[in-house]
Amino acid sequence: MTRTRGDIELAGIAKSYDGQAYAVDGINLKIPDGAYCCLLGPSGCGKSTILRMVAGHEDPTVGEILIGGENVVGLAPLERRTAMMFQSYALFPHLSVRDNIAFALRVRGLSKTDRYLKADAMMEKVRLTEFASRLPAQLSGGQQQRVALARAAITEPRVLLLDEPLSALDEHLRIRMRTELRRMQQDLGITFIHVTHTQLEAIALADMVVVMDKGQIRQAGPAREIYAAPKDRYVAEFIGGQNVLSGRVNYINGSTATMAGSMFSEIAIPLSPGRTLEMGQPLDVAVRRDDVELMRLGHSSVPAGSTSVEGTILGVEYQGNFVKVMMAAAGEEEFVAYVPERRFFEDTMTVGDRVIAVWQIDRTQLLA
Ligand code: ADP
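Since the structure is predicted, the reported quantities are computational estimates derived from the model, not experimental observations.

Draft legend 1. Expanded view of the sheet that holds strand 17 (residues 322-328). Strand order in this open sheet of 5 strands is 15-19-16-17-18, and the pairing throughout is antiparallel. Edge positions in the open sheet fall to strand 15 (293-296) and strand 18 (334-340), since each of these has one partner strand only. The mean inter-strand angle of the sheet, taken between neighbouring strand axes irrespective of direction, is 45 degrees.

Draft legend 2. Up close: unusual backbone geometry. Phi is positive for arginine 81, which is not a glycine, with a value near 60 degrees. As for its position among the elements, arginine 81 is in the loop between helix 2 (77-80) and strand 6 (82-85). Despite not being glycine, glutamate 156 has its phi angle at roughly 50 degrees, a positive value. Within the secondary structure, glutamate 156 is located in the loop between helix 5 (141-153) and strand 7 (159-163).

Draft legend 3. Geometry of the site of the ligand. Lining the immediate surroundings of the ligand are Tyr17, Ala23, Pro42, Ser43, Gly44, Cys45, Gly46, Lys47, Ser48, Thr49 and Arg52. Here cysteine 45 contributes a backbone N or O atom positioned 3.1 Å from an oxygen atom of the ligand. One of the side-chain nitrogen or oxygen atoms of lysine 47 is found 2.9 Å away from an oxygen atom of the ligand. Protein contact buries 56% of the 560 Å² of open area that the ligand shows by itself.

Reading the values: rules and limits
Residues numbered from 1 in each chain as written. Predicted model: local features only at pLDDT ≥ 70, side-chain atom pairs only at ≥ 80, totals over all residues. Heavy atoms only, no water. Pairing = 2+ DSSP bridges. Helix = DSSP H or I, 4+ residues; strand = E, 2+ residues; numbered from the N terminus. Axes fitted to C-alpha atoms, helices over the stretch in contact; angles between N-to-C directions. Near = heavy atom within 4 Å. Polar contact = N/O pair within 3.5 Å; in protein donor to acceptor, adjacent residues only side chain to side chain. Areas by Shrake-Rupley, 256 points an atom, 1.4 Å probe, with all protein chains shown as cover.

As far as function goes, none of this settles anything; it's purely spatial.
Have a look at this one:
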């Protein structure tokens with residue numbers, strides 16, 4: 001086969017299963033060859049639908065799917081050179097690790113010698129050689145996942161599709177296997193599309209995170225961009241680690257502007273190039289919880305270049321390397337600061353303390 005490139009383009013994709021409601025709509029996305037891409041979003045937002053359409057298990061109602069520059073709509077998975085790894089791993093319980101891995105090659109008519117040669121090389125790659133003759137039931141969850149991955153990878157797909165591959169594992173193993181998935185993707189050098197509803201999983205793994213909501217893409221980009229520069233309230237709240245404040249622009253003069261909201265009387269906001277603000281305009285902004293510093297009310301003044309909101313501490317949660325401090329400002333909404341652990345215990349704050357949350361103005365992210 002000549003098809004080798006694994007870059008993917010979804011162009012104007014919409015999918016309706018029943019001819020009425022759309023599971024996804026208006027999907028445009030380019031995934032570079034060899035990228036680790038995570039589709040992230042709550043249950044029902046259309047992640048698996050996209051995965052199945054790329055795999056070739058479903059066809060879009062409208063639009064094109066290009067793999068390596070070629071439209072693959074209508075082609076079978078084998079012809080597209082895609083492979084899917086399922087949540088349940090779907091291993092054959094009565095076959096050894098080696099036979100499970102070699103299975104797809106039997107379907108393709110390779111001789112036994114060739115099948116085993118390839119399976120042995122693949123086991124070497126994913127460090128399963130010593131388990132070659134075991135049955136799936138004699139393996140740990142992590143090892144089973146490696147078998148499932150090896151079984152999908154042995155067909156030399158240019159795109160590997162993973163549907164919630166870590167959700168069956170316990171927390172500890174999930175984090176270990178996350179690292180391993182990433183390593184295996186780099187070893188294999190092929191494009192991975194991984195579906196997850198877990199923010200930290202996507203951020204830890206992906207070169208490219210695609211945040212979805214109700215059948216649409218809200219934002220796609222490198223993990224750091226999604227976390228540090230969410231585009232809108234939905235992405236900021238879904239990714240987490242942010243405070244989202246709403247208000248209206250109430251002052252603009254030269255290089256400074258402010259907004260007022262129900263949760264605070266007034267905060268300064270940055271004037272970013274390419275974004276014009278108007279008086280009275282409703283606005284959402286995001287402030288990272290780890291960019292916020294807490295000071296005791298009345299004891300210190302807000303430094304130049306910073307802005308602040310006042311409030312009362314509602315709760316304190318020790319998290320190990322930082323302390324999560326929840327405060328209520330003027331409204332009902334919560335405002336959260338992540339205070340580095342050592343700093344917090346230099347001057348421990350407790351529920352009921354009056355504080356000011358301070359952050360640098362240029363750390364405020366204006367949302368769409
Ligand atoms: P996710 O993977 O994000 O949980 P899905 O792609 O599974 O989301 O589902 C998106 C929407 O499409 C949901 O409303 C779901 O009910 C619907 N849907 C998914 N698969 C089918 C199907 N085979 N037939 C009809 N509706 C479906």
